[in-house]
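What follows is each chain in one-letter form.
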Amino acid sequence: RARLDIKGDVSERLSFRLQADFTSPKLIDAFIKYRFNKLVNLQVGQFKTPFTLENPYSPLNLESIENAQAITKLAGYKDVSGVSSYANGRDIGVQISGSAFQKNGKWDVLTYYAGIFNGNGINTKDCNTDKDLAARIELRPIVEELVLSGSIYNGNYAINGKNADRNRYSAGLEYKNKKLTIRSEYLNGETGISDGTSINNLKSNGFYAVAGYWFNFTSNGLSKKIRPVVRYDFYDNNSDVDNDEAYAYMIGLDWWPEQNLRFFVNYTLKDQKKYENLGHSLSAMMSIKF
């Protein structure tokens, strides 16, 4: 990744964002947002869809180098439908969002996001006349750090001259404070897949649970932090023809020796049933912000 990200406030109510990636040149984000009040915000352009808890995370904030399998397959990264394969969880559309019911004068119990999207990914016009609906609701009923979430995606896409369904839902929770992060989600989806002559519905489901804890220390007068991370990750296409049931077990180490410098290492053991042997993956990433 090599991204240029420009964002700011035009006024107290109006903000914008433009983000481009120069490794495989493409526009990532391009939207404006108008805040009518705390309850209603309007966002128009190209941006991340409000589906799942993990999708809104940027690569610099995510606890792993890659997304969980179910997020990758069902939230518009390398989508199981084959459409929006490299959309980075984004689409073109319009969204309203807001929050309400403040508790103890400190946090809002309810936050919502709802949008209508083309359904064809980034930098691409719609391929049919239908629009897709994506929505997420978050509840913080007990403490600000604990969020319960549910989201839906309902739509279709054009394939071989026919419309195929693409319907998903997710349910999850996250607890996050300055030290500890715990997040878990279950995803389920039904996607129309073409065999060349007809459309068959492929059912998918997945689950992940991730946890990390920050250790802060000072060296040579500079504040540094390091975080061990673990994740369990499951995904299954529920297909009799091509069994894609896969389990992944990841451990990682997230180190920030400077405020804008990050080193990250992930090791993943993957058990995919259609293969005889286990898979091993070692990934490393360095991120620099300036």
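Draft legend 1. Inspection of the overall build of the protein at higher detail. Tallying secondary structure elements over the protein gives one helix and 16 strands in all. If one aligns the C-alpha atoms of the protein with their principal axes, the spans along those axes are about 65 × 55 × 40 Å. When the 290 residues of the protein are sorted by exposure, 44% land in the buried category. Sequence-distant contacts, at least 24 apart, represent 48% of the contacts inside the protein between residues at least 6 apart.

Draft legend 2. A look at unusual backbone geometry. Residues other than glycine seldom take positive phi values, yet F101 does so here, at roughly 60°. Inspection of the secondary structure assignment puts F101 in strand β5 (residues 90–103). Residue classification places F101 among the exposed residues on the basis of a relative accessible area of 61%. The backbone of N123 sits at a positive phi, close to 55°, despite the residue not being glycine.

Draft legend 3. Quick look at the side chain of N67. Positionally, N67 belongs in the loop between β4 (41–48) and α1 (69–74). Given the relative accessible area of 15%, N67 is considered buried. Polar side-chain contacts of N67 include one of 2.9 Å to the side chain of E54. Here N67 is in contact with E54, L62, T72, Y77 and R231, once residues within four sequence places are set aside.

Draft legend 4. Spotlight on the nonpolar core. I71 and L187 are the most contacted members of the largest nonpolar core, which has 20 residues in total. Elements represented by at least two residues in this core include exactly α1, β11 (199–213) and β13 (222–236). Residues within four places of I71 in sequence aside, it is in contact with T52, E54, G76, Y77, E185, L187 and Y208.

Draft legend 5. Molecular detail of the pattern of salt bridges. Under the criterion given, the structure shown has 18 salt bridges. Its salt-bridge partner being D29, residue R90 comes within 2.9 Å of it at the nearest N-O pair. Here R90 is found in strand β5, whereas its partner D29 is found in strand β3 (residues 26–35), with 61 residues between them in sequence. Note on accessibility: R90 and D29 belong to one class, buried. Sharing partners across several salt bridges, the network here consists of D5, R17, D29 and R90.

Draft legend 6. Just the packing of aromatic side chains, in detail. In the structure shown here, the tally under the stated rule is nine aromatic pairs. A ring pair is formed by Y232 and Y249, whose centres lie 5.6 Å apart and whose planes are at 50°; its orientation type is tilted. Here Y232 is found in strand β13, whereas its partner Y249 is found in strand β14 (residues 246–258), with 17 residues between them in sequence. With a relative accessible area of 40%, Y249 lands in the partly exposed category.

Draft legend 7. Geometry of the pairing of strand β1 (residues 3–9). When β1 meets strand β2 (residues 14–21), the two strands line up antiparallel, connected through seven bridges. Across the sheet, R3 pairs through a bridge with D21, a residue of β2. Linking β1 to β2, which pair antiparallel, is a turn of four residues.

Draft legend 8. Region of interest: the environment of K103. Counting through the fold element by element, K103 comes out in strand β5. Separated by 46 residues in the primary sequence, K103 and S149 have C-alpha atoms spaced 18 Å apart. Setting aside residues no more than four positions away along its own chain, K103 makes contact with V109, P141 and I142. Within the structure, K103 has its side chain in polar contact with the backbone oxygen of P141 (distance 2.5 Å).

Reading guide: rules and limits
Residues numbered from 1 in each chain as written. Predicted model: local features only at pLDDT ≥ 70, side-chain atom pairs only at ≥ 80, totals over all residues. Heavy atoms only, no water. Helix = DSSP H or I, 4+ residues; strand = E, 2+ residues; numbered from the N terminus. Buried < 20%, exposed > 50% of the residue type's maximum accessible area, 1.4 Å probe, protein only. Contact = heavy atoms within 4.5 Å. Polar contact = N/O pair within 3.5 Å; in protein donor to acceptor, adjacent residues only side chain to side chain. Core = buried A, V, L, I, M, F, W, Y, C linked by side-chain atoms within 4.5 Å. Salt bridge = Lys/Arg side-chain N within 4 Å of Asp/Glu carboxyl O. Phe/Tyr/Trp six-rings, centres within 6.5 Å; stacked < 30°, edge-to-face > 60°. Pairing = 2+ DSSP bridges.

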